[in-house]
Amino acid sequence: MKKLFKKLKGLNKKQKILTTIVALMLVAAVAASAVFASAGKKSSQSYSFVRTTTLEKGTLEDSISATGTVSSAKTSKVTTNLNYTVKEVNVSVGDEVKKGDTLITLDSSELEKQIEKEEENLSKAKSTAQTQYNNASSSYNKAKSKLSSYASTLSSAESAYNTAKTPYDNAVASLKSYQTAYDKALSDYNTAGSKYIKRLSEYNSALAKYKNGSASASELLKAAGTYINAVQNYLGGCDVGTVDISDSASSAQSNASDSAEGFSAMASSQNALSTSVSVTQSADDICKNVISEVYTLTGTTLVAKSGSNTLYKLGIKAQALRDAKTACNYSSVESAYKSAKTAYDQAKTTNSQYKTELSQAKTQLTQAKKDLESASSSDTLTELKSQLDECKLKTEQDGTVTALSATVGSTCNMDAAATVQDLSSLQVDITIAEADINNAKIGQTCHITDDASDETLDGKLTQIDPTSDNGSFGATVTINTSTNDLHIGMNASVSIIVSSSENVYQVPVDAVGDDNDTSFVYRKTSGEGTDMQFEKVTVTTGNSNDYYIEISSTELNEGDVVRSSADLSEGIETVSSDSDSSSNAGGLFGGLFGGMSSNKGGGDMPTPPSGDFPGGSGSSSSSGSGSKSSGDMPSPPSGGFSGGGQNG
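The structure displayed is predicted, hence computed values, not measured ones. (Residues numbered from 1 in each chain as written. Predicted model: local features only at pLDDT ≥ 70, side-chain atom pairs only at ≥ 80, totals over all residues. Heavy atoms only, no water.)

A. View of the overall build of the protein. Counting its regular elements, the protein contains 11 helices and 25 strands. Taking the intrachain contacts of the protein between residues at least 6 apart in sequence as the baseline, contacts between residues at least 24 apart amount to 77%. Accessible surface computed for the protein: about 33,700 Å², of which carbon and sulfur atoms make up 46%. (Helix = DSSP H or I, 4+ residues; strand = E, 2+ residues; numbered from the N terminus. Contact = heavy atoms within 4.5 Å. Areas by Shrake-Rupley, 256 points an atom, 1.4 Å probe, with all protein chains shown as cover.)

B. Structural view of the sheet that holds strand β12 (residues 418-421). Pairing in this open sheet of 4 strands is antiparallel, and the strands run β3-β12-β10-β5 from one edge to the other. Edge strands, defined here as strands with exactly one partner in the open sheet, are β3 (75-78) and β5 (96-97). (Pairing = 2+ DSSP bridges.)

C. Region of the structure containing the packing of helix α5 (residues 217-235) against helix α7 (residues 283-298). Here α5 crosses α7 at 175 degrees, and the two axes come no closer than 9 Å. Relative to α7, α5 is oriented roughly antiparallel. Here α5 contributes Ala 217, Leu 220, Leu 221, Ala 224, Tyr 227, Ile 228, Val 231, Gln 232 and Leu 235 to the contact with α7, which in turn contributes Ala 283, Asp 284, Ile 286, Cys 287, Val 290, Ile 291, Val 294, Leu 297 and Thr 298. Looking at side-chain class alone, the contact of α5 with α7 contains 15 nonpolar, 2 polar and 1 charged residues. (Axes fitted to C-alpha atoms, helices over the stretch in contact; angles between N-to-C directions. Parallel < 35°, antiparallel > 145°, perpendicular 65-115°, else oblique. Nonpolar A, V, L, I, M, F, W, Y, C, P; charged D, E, K, R; others polar.)

D. Focus on the confidence of the model for the protein. Looking at the protein as a whole, the pLDDT averages 80, with 77% of positions reaching at least 70. Considering each helix and strand of the protein separately, the mean pLDDT is smallest for helix α1 (residues 2-8), with a value of 38, and largest for helix α4 (residues 176-211), with 96. Of the regions scoring below 50 in pLDDT, residues 250-273 engages in 50 contacts with residues more than four places distant in sequence or in other chains. In the predicted structure, residues 579-625 sits below a pLDDT of 50 and forms 142 contacts with residues beyond four places in sequence or in another chain. (pLDDT = per-residue confidence, 0-100.)

E. Here's a closer look at α4. Here α4 spans 53 Å end to end across 36 residues, near enough to the 52 Å set by a 1.5 Å rise per residue. Residues of α4 that are buried make contact with α5, β8 (277-279), α7 and α8 (310-327). In the segment just after α4, Gly 213 is the residue with positive phi, at about 85 degrees. (Expected span 1.5 Å × (residues − 1).)

F. Focus on the sheet that holds strand β11 (residues 411-412). Reading across the sheet, the 4 strands line up as β9-β6-β4-β11 and stay open at both edges, with antiparallel pairing between neighbours. Two strands in the sheet have a free side with no partner beyond their single neighbour: β9 (392-394) and β11. Strand direction decides the pairing type here: strand β4 (residues 84-89) and β11, joined by 2 bridges, are antiparallel. Counted as the bridge partner of Tyr 84 is Cys 412 from β11. The sheet strands contacting helix α10 (residues 379-390) are β4, β6 (102-106) and β9, and the helix crosses β9 at an angle near 60 degrees.

G. Spatial organisation of the packing of aromatic side chains. The tally for this structure, following the rule as stated, stands at 10 aromatic pairs. Each ring, one from Tyr 161 and one from Tyr 337, has its centre 5.8 Å from the other, and the planes form 40 degrees; the classification is tilted. Of this pair, Tyr 161 sits in helix α3 (residues 109-174) while Tyr 337 sits in helix α9 (residues 330-375), placing them 176 residues apart in sequence. We note that Tyr 161, like Tyr 337, is buried. Here the aromatic rings of Tyr 196 and Tyr 234 are separated by 5.1 Å at their centres, their planes lie at 25 degrees, and the arrangement is stacked. (Phe/Tyr/Trp six-rings, centres within 6.5 Å; stacked < 30°, edge-to-face > 60°. Buried < 20%, exposed > 50% of the residue type's maximum accessible area, 1.4 Å probe, protein only.)

H. Summary view of the pairing of strand β19 (residues 518-526). In the sheet, strand β18 (residues 513-515) pairs with β19 via 3 bridges, with the strands oriented antiparallel. The residue of β19 that forms the bridge with Asp 514 is Ser 519. What sits between β18 and β19 in their antiparallel hairpin is a turn of 2 residues, with Asn 516 showing a positive phi close to 55 degrees. Direction of pairing for β19 relative to strand β20 (residues 533-538): antiparallel, over a ladder of 6 bridges. Bridge pairing in β20 links Phe 520 to Thr 538.

I. Main features of the packing of α4 against α5. One can describe the packing of α4 onto α5 by two numbers: an axis separation of 8 Å at closest approach and a directional angle of 155 degrees. With respect to α5, the axis of α4 lies roughly antiparallel. Crossing of α4 against α5: the hand is left-handed. Contacts between α4 and α5 pair Tyr 189, Ala 192, Gly 193, Lys 195, Tyr 196, Arg 199, Leu 200, Glu 202, Tyr 203, Ala 206, Leu 207 and Tyr 210 from the former with Ala 217, Glu 219, Leu 220, Ala 223, Ala 224, Thr 226, Tyr 227, Ala 230, Val 231, Asn 233 and Tyr 234 from the latter. A class-by-class count of the residues in the contact of α4 with α5 yields 16 nonpolar, 3 polar and 4 charged. (Left-handed = near helix turned anticlockwise from the far one by under 90°.)

J. Quick look at the pattern of salt bridges. Per the stated rule, a full pass over the model turns up 14 salt bridges. Asp 345 is paired through a salt bridge with Lys 341; the nearest N and O atoms lie 2.9 Å apart. A residue pair is termed a helical-turn pair when its members lie 3 or 4 positions apart in one helix, as Asp 345 and Lys 341 do in helix α9 at 4 residues. One network of salt bridges, in which partners are shared, links Lys 341, Asp 345 and Lys 348. (Salt bridge = Lys/Arg side-chain N within 4 Å of Asp/Glu carboxyl O.)

K. Looking closely at the nonpolar core. If you look at the biggest cluster of nonpolar residues, it comprises 33 residues, and the most contacted ones within it are Tyr 203 and Leu 311. Breaking this core down by element, the ones donating at least two residues are α4, α5, β8, α7 and α8. Looking at which element gives the most residues to this core, the answer is α4, with 9 residues. Apart from residues no more than four positions distant in its own chain, Tyr 203 is found in contact with Leu 220, Ala 223, Ala 224, Tyr 227, Val 290, Glu 293 and Val 294. With 25 residues, the next largest nonpolar core counts Tyr 168, Ala 340, Tyr 344 and Leu 365 among its residues. (Core = buried A, V, L, I, M, F, W, Y, C linked by side-chain atoms within 4.5 Å.)

L. View of unusual backbone geometry. With phi around 55 degrees, Asn 470 is a residue other than glycine that occupies positive phi space. With respect to the secondary-structure elements, Asn 470 resides in the loop between β15 (457-464) and β16 (472-479). Phi is positive for Asp 517, which is not a glycine, with a value near 65 degrees. Secondary-structure assignment places Asp 517 in the loop between β18 and β19.

M. Layout of the pairing of strand β22 (residues 548-552). Among the 5 residues in β22, 4 count as buried, and that is most of the element. Note: strand β17 (residues 491-508) against β22, 4 bridges, orientation antiparallel. The residue bridging Pro 508 from the neighbouring strand is Tyr 548, located in β22. Sheet topology places strand β21 (residues 540-544) next to β22; 3 bridges connect them, and they run antiparallel. Bridge pairing links Ser 544 to Ile 549 in β22. Where β21 folds back on β22, the antiparallel hairpin that results is connected by 3 residues.

N. Expanded view of α3. The end-to-end C-alpha distance of α3 is 95 Å, a good match for the 98 Å that 66 residues give at a rise of 1.5 Å each. Its axis deflected by about 30 degrees at Ala 151, α3 carries its strongest bend there. (Bend = angle between axes of the 7 residues up to and from the residue.)

Encoded structure:
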């Protein structure tokens, strides 16, 4: 009897109600066994009945069953990579701790010496870098001040240059036509001079050839004529003496490129002469000598033609340009301009040098700042201080110390010097079979039970491993119900609710038949025992589990009795009453508990096997609140226990 009650202890809440009812029925069962024992000595009889289910609304659940071990959902491992000796252990297993509490202290004396030495080295480096930064900053400020102060000098030089440039540009503009005429005359003179030299050479060559008989008189006359014409073009109109063909200010053309507007016309004067031309023999004298020489040799008199007189014209244009420069005081204006320009150019050069000095000083200051920042910190010192902080091994969460491997004096270099777990936040680590894994989904409701208590706890499936391990998948169920009876390391059973239908009719799966894709059940209309009469009622099926299925129909009502098997050749049970009192008692107990088997915590229950006692067969929904099953039978003999057993 004690073992029986212990077996019933793990049922869910509604099953607990059944347990109470069963306990009361046990008393009657004992008495009934005595009656059957007495009756059995007289005769042995068999009884037949039809298994039925009485409809009532309940909850139908389909679930996956699994087992696992209780663990903490919040676990913190207190670890260290430091290879130092343990100086203090501040906790014991079972102590409650808070996040940030120091559980273990390591001996950091050698580490502190290293930190002190590194800080001294850092201080020296920082002092040196600070001095360099101060010097660089001073140099930068001086260069910046020098450049700033020189701005007024540059501005004054620029102003003076602009002041001098205006009259100079005006003077150049006024000389433009004179300069153009002079340049043209100079170009003509140079061209005539080149031809003069060429024609002279040709004449001398023709003269020599004529004298040795290799040239004719006509060739000599032609060469002489072209030479005389070249002489007239080159020197015609100029008397023997000095011809001043310079512009009296050759520097003007050398500075012509300094004026974008006023000097472009003077650029062509680059061949201007700065000295006078000395004429030792006039054009007429040269021509007379040539005419006389030719006449003597050939007897022919040449006629000298007047030429373009380029030297004479160049002298005229040069004098006109000199007079124009004098009129506009060009020499003085040019001198003032050149002086102002030189001063401005020098000021720009000096300003550029000051800018370069400032840029270099800025670069040095930037580098000195980086060096100072670098000297202000040390990766080595940071690492050492980090290690010093790590010498105090702290917990990262509130909880209870559940494991402690560190001891004073030992070297602490381990994966878990201590373990802290939150005992109020529990989970069950389970495995799910491959056959069920496709029905398991994150977030599904779970029911949890254990062998040490009669509680059924609520939970949720929160994690499923993505890969299989030897035919099963690891998973985690988080427990949502607060409890004092569940402890870490205990074994627990879990029902993962795949589907749930509330307030529905449910019958054994075998109770639903199929007729041309139309589902139906047989509802009792009259009769008892094997004489029961049934009618076919069309139903719509819903969710199901391994043993029960949801049905609905407008023709069904609560309390209707439905045949437990739609196959009319099945569902009839036969039991016998033997003379042995112990077998009667066994039949009675079989009838009482035939419908009680279920998975712990509201699991799915199979259709109970045929009971040893008439009416003892029964069924239960997985939630413990489903349709009732009863065995209808004829009355037993000799005042024996009668009636159909019910289990709901």
